[in-house]
Amino acid sequence: MDQPSGRSFMQVLCEKYSPENFPYRRGPGMGVHVPATPQGSPMKDRLNLPSVLVLNSCGITCAGDENEIAAFCAHVFELDLSDNKLEDWHEQLSNICDAINPVWHFTPVPCDLQSWPVGEKSVFLFYFIMQSAATGISGTKKVSKIVSNVPHLEFLNLSSNPLSLSVLERSCAGSFAGVRKLVLNNSKASWETVHTILQELPDLEELFLCLNDYETVSCSPVCCQSLKLLHITDNNLQDWTEIRKLGIMFPSLDTLILANNNLTTIEESEDSLARLFPNLRSINLHKSGLHCWEDIDKLNSFPKLEEVKLLGIPLLQSYTTEERRKLLIARLPSITKLNGSIVADGEREDSERFFIRYYMELPEEEVPFRYHELVTKYGKLEPLAVVDLRPQSSAKVEVHFQDKVEEMSIRLDQTVAELKKHLKTVVQLSTSNMLLFYLDQEAPFGPEEMKYSSRALHSYGIRDGDKIYVEPRMK
């Protein structure tokens, strides 16, 4: 058999999880025991194969011998093959899944291998695989060849593999039957392939279809009742007529992640939205093109909606951060989490009261319907008092010197020394011969000497109506 170009799944597996590169077992998995070997043998004490295999960005182009995969991967339940060079569903993937079935049919293999003790059988298989990798003995089948030999596989990541030109046939898709989470990001998988997957994966719960350049959605001939989460971000789904097809295909959908699709509006009646997504609990519309409050109000039509993500949409660009959050919370009475943060009862009440005051000055025809609902709940509120918390910059005080009293406006950002310079012409004393005393009109302890020349006047708490006494320094 000709040796295929690139690297096989089994070659990469043996290299990564060899005793040299992966000396200790970490977490759940299995170790294939290899007893002491002659000097110079490449084998060491143990080949550690975890139940979660991560073989991303390894240049894998083919599966290798499916019997080898079956012998070593029967316990695997998560497999990451992202960013490799698998381009054929049947020839490359299904046999990897098939191979992880514990079927012992090596050629050549002793006819009584199945009855061998576990330790001896493991030794034989390990040596056989290493010899096969060294001599180039491997199959050329690809995706399905890998997947079909992993009977307990629940999670499969095929992101960034060039699968756009390969169509998945139903006979091949059966290899994926046990998969519950499937990641096809940036694989450019066709909708025809997606439909085949939906028909042949009865337990599929989570599907990732990001970065696949979808501009439309092709509706499947059958519904997928099992799917709970659909991650379809970073495509180009602008028209709501495409999004509604997702509701038809996935009636049990719990979480819909539509971030970075330029969806411009939600063109659907409230009754129809409730029928399309009856179980939707969470929706992510980050960086969509929504630009009117009516679209936000329509989210209330989803009967089980609890969580919404709405950052980076055109509608909210003109509002402050505080206004965005409070106005959204007030308009969405059923949500308990907004943009990843929990909405507590106190925050909801504050937001709803803020909403009333925000719209109370607008003409009746411009007030949203939600305003009237909240007025019914809280009543008509008074505008909040405007409190200026900025420090006072000046004060009008009485300056007393001997028998004279003069009312002056003084800057409170100046120091005691600067005030003395300002008073020189008023009291006809030099600054070195001048003592200042400050009398707070409400203080019970009498005047306070202003003895520190560098101290700012505002630190005394000077207010309008207070008094400053000037006395000559006694020689």
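Positions within a chain are numbered from 1, following the residues in the order the chain's sequence is written. At least 70 in pLDDT is required for a residue's local features to be given in this predicted model, at least 80 for side-chain atom pairs to be given and counted, and no such filter applies to totals for whole chains, interfaces and linings, which use all residues. Neither water nor hydrogens contribute to the side-chain values; these are computed over all heavy atoms in the structure.

1. Side note on the overall build of the protein
- Secondary structure elements follow DSSP: runs of H or I of four or more residues count as helices, runs of E of two or more count as strands, with numbering from the N terminus. Scanning the protein from N- to C-terminus turns up 14 helices and 20 strands.
- Using a 1.4 Å probe on the protein chains alone, a residue whose accessible area is under 20% of its type maximum counts as buried, one over 50% counts as exposed, and one in between counts as partly exposed. Classification of the 475 residues of the protein by burial places 47% in the buried group.
- By the convention used here, residues are in contact when the closest approach between their heavy atoms is within 4.5 Å. When contacts within the protein are restricted to residue pairs at least 6 apart in sequence, long-range pairs at least 24 apart make up 72% of them.
- Computed with the Shrake-Rupley method and a 1.4 Å probe, the accessible areas treat only the protein chains shown as cover for residues. On the protein, roughly 23900 Å² of surface is accessible, and the fraction owed to carbon and sulfur atoms is 50%.

2. A short note on the packing of aromatic side chains
- In this scheme Phe, Tyr and Trp rings, the latter by its six-membered ring, pair at centre separations within 6.5 Å, and the angle between planes marks the pair as stacked below 30 degrees, edge-to-face above 60, and tilted otherwise. Scanning the model with the defined rule gives 10 aromatic pairs in all.
- Both rings, one in Trp89 and one in Phe176, keep their centres 5.8 Å apart while their planes meet at 65 degrees; by these two values the pair is edge-to-face. One end of the pair, Trp89, is in helix α3 (residues 89-99); the other, Phe176, is in the loop between α6 (170-173) and β8 (181-183), with 87 residues separating them in the sequence.
- A centroid spacing of 6.4 Å and a plane angle of 55 degrees characterise the contact between Trp240 and Phe277, whose relative ring orientation is tilted. Of this pair, Trp240 sits in helix α8 (residues 240-249) while Phe277 sits in the loop between α9 (270-276) and β12 (282-284), and the two are 37 residues apart along the sequence.
- Residue class for Trp240 comes out buried when judged on its relative accessible area of 4%.
- What links up through ring pairs into an aromatic cluster is the set Trp293, Tyr319, Phe354, Phe355, Tyr358 and Tyr359.
- Lysine NZ or arginine CZ positioned within 6 Å of the ring centre and within 35 degrees of the ring normal marks a charge as sitting over the ring. Between the NZ or CZ atom of Arg455 and the centre of the ring of Tyr460, over which it lies, the distance is 3.7 Å.

3. Remarks on the packing of helix α12 (residues 345-359) against helix α13 (residues 369-378)
- Lines fitted to C-alpha atoms define the axes, with helix axes restricted to the stretch in contact, and inter-axis angles between N-to-C directions lie between 0 and 180 degrees. Packing of α12 against α13 leaves a shortest axis separation of 10 Å and a crossing angle of 120 degrees. Taken together, the axes of α12 and α13 lie oblique to each other. α13 is crossed by α12, and the crossing has left-handed handedness. Mapping the contact onto sequence places Glu349, Glu352, Arg353, Phe355, Ile356 and Tyr359 in α12 and Arg370, Tyr371, Leu374, Val375, Lys377 and Tyr378 in α13.
- Residue composition of the contact of α12 with α13, grouped by class: 7 nonpolar, no polar and 5 charged. Any angle between 65 and 115 degrees counts as roughly perpendicular, while under 35 counts as roughly parallel, over 145 as roughly antiparallel, and the rest as oblique. For a crossing to be left-handed, the near helix must be turned anticlockwise from the far one by less than a right angle; the clockwise case is right-handed. Three categories are distinguished: nonpolar for Ala, Val, Leu, Ile, Met, Phe, Trp, Tyr, Cys and Pro, charged for Asp, Glu, Lys and Arg, and polar for the others, with Gly belonging to the last.

4. Topic: α13
- All of the buried residues along α13 are Arg370, Tyr371, Leu374, Val375 and Tyr378. The buried side chains of α13 occupy one side of the element, clustering within an arc of 140 degrees when seen end-on. Pointing more than 90 degrees away from the buried face of α13 are the exposed residues Phe369 and Thr376.
- Looking at the buried residues of α13, the elements they touch are α11 (321-331) and α12. Each C-beta atom gives one direction from the helix axis, and the arc is the one those directions make.

5. A look at the sheet that holds strand β11 (residues 255-257)
- In space, the 11 strands of this open sheet follow the order β4-β6-β7-β8-β9-β10-β11-β12-β13-β14-β15, with mixed pairing throughout. The open sheet has two edge strands with one neighbour each: β4 (52-54) and β15 (341-342).
- Whether two strands pair depends on DSSP finding at least two bridges between them. As judged from the 3 bridges shared by strand β9 (residues 206-208) and strand β10 (residues 229-231), these two strands associate in the parallel manner. Bridging across to β10, Glu206 finds its partner in Leu229.

6. Re the nonpolar core
- The term nonpolar core refers to a set of buried residues drawn from Ala, Val, Leu, Ile, Met, Phe, Trp, Tyr and Cys, joined through side-chain atoms within 4.5 Å. Judged by nonpolar contacts, the single largest core of 98 residues is most densely connected at Phe9, Leu230, Leu246 and Leu256.
- The dominant element in this core, judged by the number of residues it contributes, is helix α1 (residues 9-16), at 5 residues.
- Counting 21 residues, the second largest nonpolar core, distinct from the first, contains Ile410, Val416, Leu423 and Val470.

7. Here we look at the pairing of strand β20 (residues 467-472)
- When strand β16 (residues 394-401) meets β20, the two strands line up parallel, connected through 4 bridges. Looking at β20, one finds that Phe401 is bridged to Val470.
- Relative to β20, strand β18 (residues 434-439) is paired through 6 bridges, and the arrangement is antiparallel. Residue pairing in the sheet places Leu435 in a bridge with Glu471 of β20.

8. Considerations on the side chain of Ser159
- The topology assignment puts Ser159 in the loop between β7 (155-157) and α6.
- Ser159 sits in the buried class, given a relative accessible area of 9%.
- At a separation of 3.4 Å, a polar atom in the side chain of Ser159 contacts the main-chain amide nitrogen of Asn185.
- If we skip the residues at most four places from it in the chain, Ser159 touches Ser82, Asp83, Val183, Leu184 and Asn185. Think of a polar contact as two N or O atoms within 3.5 Å of one another; within protein, one of them needs to be a possible hydrogen donor and the other a possible acceptor, and neighboring residues in sequence only count if both atoms come from side chains.

9. Quick notes on the pattern of salt bridges
- Salt bridges are defined as contacts in which a side-chain nitrogen from Lys or Arg sits within 4 Å of a carboxyl oxygen from Asp or Glu. Taken as a whole and judged by the stated rule, the model has 18 salt bridges.
- Glu347 is the partner of Arg325 in a salt bridge, and the nearest nitrogen-oxygen pair spans 2.6 Å. With a gap of 22 residues between them, Arg325 in helix α11 and Glu347 in helix α12 connect regions that are remote in the sequence.
- Measuring nitrogen to oxygen at the nearest pair gives 3.2 Å for the salt bridge that ties Arg370 to Glu352. You can see Arg370 sitting in helix α13 and its partner Glu352 sitting in helix α12, a full 18 residues away along the chain.
- Overall, Glu352 belongs to the buried group, its relative accessible area being 2%.

10. Observations regarding unusual backbone geometry
- Despite not being glycine, Ser160 shows a phi value in the positive range, around 60 degrees.
- We classify Ser160 as partly exposed; its relative accessible area is 28%.
- Positioned with a positive phi, Leu211 is a non-glycine residue whose angle comes to about 60 degrees.
- Tracing the backbone shows Leu211 in the loop between β9 and β10.

11. A short note on the side chain of Arg348
- Tracing the backbone shows Arg348 in helix α12.
- In terms of polar contacts, Arg348 uses its side chain to reach the backbone carbonyl oxygen of Leu332, at 3.0 Å.
- Beyond its immediate chain neighbours, meaning those up to four positions away, Arg348 contacts Ile329, Leu332, Pro333, Ile335 and Val343.

12. Looking at α1
- Within α1, 6 of the 8 residues are buried, leaving the element largely enclosed by the surrounding structure.
- Along α1, the positions that sit buried rather than exposed are Phe9, Met10, Gln11, Val12, Leu13 and Cys14.

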